[in-house]
Amino acid sequence: MRFSGTDRYIASRDLEVAVNAAVTLQRPLLVKGEPGTGKTVLAQEIARGLGLPLIEWHIKSTTKAQQGLYEYDAVARLRDGQLGEERARDVSNYIIRGKLWEAFTSPTPVVLLIDEIDKADIEFPNDLLLELDRMQFHVYETKETVQAVNRPIVLITSNNEKELPDAFLRRCFFHFIRFPDRETMERIVQAHYPGVRKELASEALNAFFLLREVEGLKKRPATSELLDWLKLLMAEEMPPEALRTADMKVALPPLHGALLKNEQDVHLLERLAFLHRGRRG
């Protein structure tokens, strides 16, 4: 199985090499990069490109590693036992399977996404070390061992909100998704919007990359924001000329709410435009 991107996901050569190296080494692929560069979508497109099912485990600040294996609902069993339910005799009726259990017992290989691992507690990665390394875990309540039928392709994403433990990093193949250059971004736009007017796409990219260069932005727009913005521009039948004046030193770009995600950045650009007009005056 070799990944080479898809018609909807333009992967750089380095990223293709990283995915295939992780598959060959049978190690989790840890992917970092600024938000909006397609880390989560990568797992979806790997599954699509290789023709495999996708299992997604989206991590929250309250997520515990044990939830990925299984959870034992002791309260439900106690309640059923008090009500005289026959099913209360079998503890396995109260074992809730997690995403790793689902991936391990799949009859076919799967792509397992562990999304935004850095949102969880600092101990979360360490708590999964053995399970991801040995591809098995023990269920104490039923005294059974769950072992992977087929080793899943594991993709782990991180936004770098927390440092990950060294012991965990040693078990991963690492790749940092660099922000696409102009040529790659043009290919991404063409893949998503093959019918976009060439002049509109060109002017939009000019304004987009100019905006990313503005010093002091709290959240620079990324690929996902560009695609949303272009979709709006096409829906509004925006003339390319309207974007030629979208110099961030002169004025905010039209429909800038798709690009800018907080009021600080909007105010920053408004101040820059005001100062620029003052100097010209």
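The structure reproduced in this document is the subject of the present report. (Residues numbered from 1 in each chain as written. Predicted model: local features only at pLDDT ≥ 70, side-chain atom pairs only at ≥ 80, totals over all residues. Heavy atoms only, no water.)

Here we take up the overall build of the protein chain. Along the backbone of the protein chain there are 13 helices and 9 strands. Expected size for 281 residues packed as a compact globule is a radius of gyration near 19 Å; at 24 Å, the protein chain overshoots this value by more than 25%. Referenced to the eigenvectors of the C-alpha coordinate spread, the extents of the protein chain come out at roughly 80 × 45 × 35 Å. Long-range contacts, defined as pairs at least 24 residues apart, comprise 73% of the intrachain contacts of the protein chain with a sequence gap of at least 6. For the protein chain, the computed accessible surface area is about 15300 Å², with 49% contributed by carbon and sulfur atoms. Counting 39 positive and 42 negative side-chain charges, the protein chain places the averaged centre of each group 2 Å from the other. (Helix = DSSP H or I, 4+ residues; strand = E, 2+ residues; numbered from the N terminus. Rg over C-alpha atoms; globule rule 2.2 N^0.38 Å. Contact = heavy atoms within 4.5 Å. Areas by Shrake-Rupley, 256 points an atom, 1.4 Å probe, with all protein chains shown as cover. Lys, Arg positive; Asp, Glu negative; His and termini not counted. Charge placed at Lys NZ, Arg CZ, Asp CG, Glu CD.)

Looking at chain direction, strand β6 (residues 136-139) and strand β7 (residues 144-147) are connected through 4 bridges and run antiparallel. Paired with His138 across the bridge in β7 is Thr145. In this antiparallel pair of consecutive strands, β6 and β7, the connection spans 4 residues, and Lys143 shows a positive phi of 55 degrees. (Pairing = 2+ DSSP bridges.)

What the rule picks out here adds up to 8 aromatic pairs. Ring plane angle 40 degrees and centroid distance 6.0 Å describe the contact between Phe104 and Phe137, whose orientation is recorded as tilted. Residue Phe104 is located in helix α5 (residues 99-104), and its partner Phe137 is located in strand β6; the two are separated by 33 residues in the primary sequence. By the burial criterion, Phe104 is buried, and Phe137 matches it. Plain terms: the ring middles of Phe179 and Phe209 are 6.5 Å apart, the flat faces sit at 80 degrees to each other, and that makes the pair edge-to-face. (Phe/Tyr/Trp six-rings, centres within 6.5 Å; stacked < 30°, edge-to-face > 60°. Buried < 20%, exposed > 50% of the residue type's maximum accessible area, 1.4 Å probe, protein only.)

With that settled, the discussion passes to unusual backbone geometry. Non-glycine residue Lys143 carries a positive phi angle of around 55 degrees. The topology assignment puts Lys143 in the loop between β6 and β7.

In terms of nonpolar packing, the biggest core is built from 31 residues, with Leu100, Ile114, Phe124, Leu132, Phe137, Ile156 and Phe168 touching the most fellow members. Counting residues per element, the ones that place at least two in this core are β2 (54-58), α3 (65-69), α5, β5 (111-115), α7 (129-134), β6 and β8 (153-158). In terms of residue count, the dominant contributor to this core is α5 (4 residues). Apart from residues lying up to four places away in sequence, Ile114 is in contact with Trp57, Ile59, Leu132, Val154, Leu155, Ile156 and Thr157. (Core = buried A, V, L, I, M, F, W, Y, C linked by side-chain atoms within 4.5 Å.)

Let's shift gears to helix α9 (residues 182-192). Along α9, the positions that sit buried rather than exposed are Met185, Ile188 and Val189. What you see down the axis of α9 is that its buried residues fit within an arc of 100 degrees, all on one side. (Arc of directions from axis to C-beta.)

Now for the sheet that holds strand β9 (residues 173-176). Spatial strand order, β2-β5-β8-β1-β9: 5 strands in an open sheet with parallel pairing. The sheet terminates laterally at β2 and β9, the two strands that pair on one side only. Across this sheet, the average inter-strand angle for adjacent strands is 20 degrees, counted without regard to direction. Taken together, the 5 bridges between β2 and β5 define a ladder with parallel strand orientation. Counted as the bridge partner of Ile55 is Leu112 from β5. Across the sheet, helix α1 (residues 13-25) is in contact with β1 (29-32), β8 and β9; its angle to β9 comes to roughly 165 degrees. The strands touched by helix α2 (residues 39-50) within the sheet are β1, β2, β5 and β8, with β8 carrying the most contacts at an inclination of about 165 degrees. (Axes fitted to C-alpha atoms, helices over the stretch in contact; angles between N-to-C directions.)

The subject of this paragraph is the pattern of salt bridges. Summed over all chains, the structure comprises 12 salt bridges. As a salt-bridge pair, Glu116 and Lys119 come within 2.7 Å of each other at their nearest N and O atoms. Accessibility expressed as a relative area gives 34% for Lys119, which makes it partly exposed. What you see here is one network of salt bridges that share partners, running through Asp7, Arg8, Glu45 and Arg48. (Salt bridge = Lys/Arg side-chain N within 4 Å of Asp/Glu carboxyl O.)

Coordinates in, geometry out; function isn't part of it.
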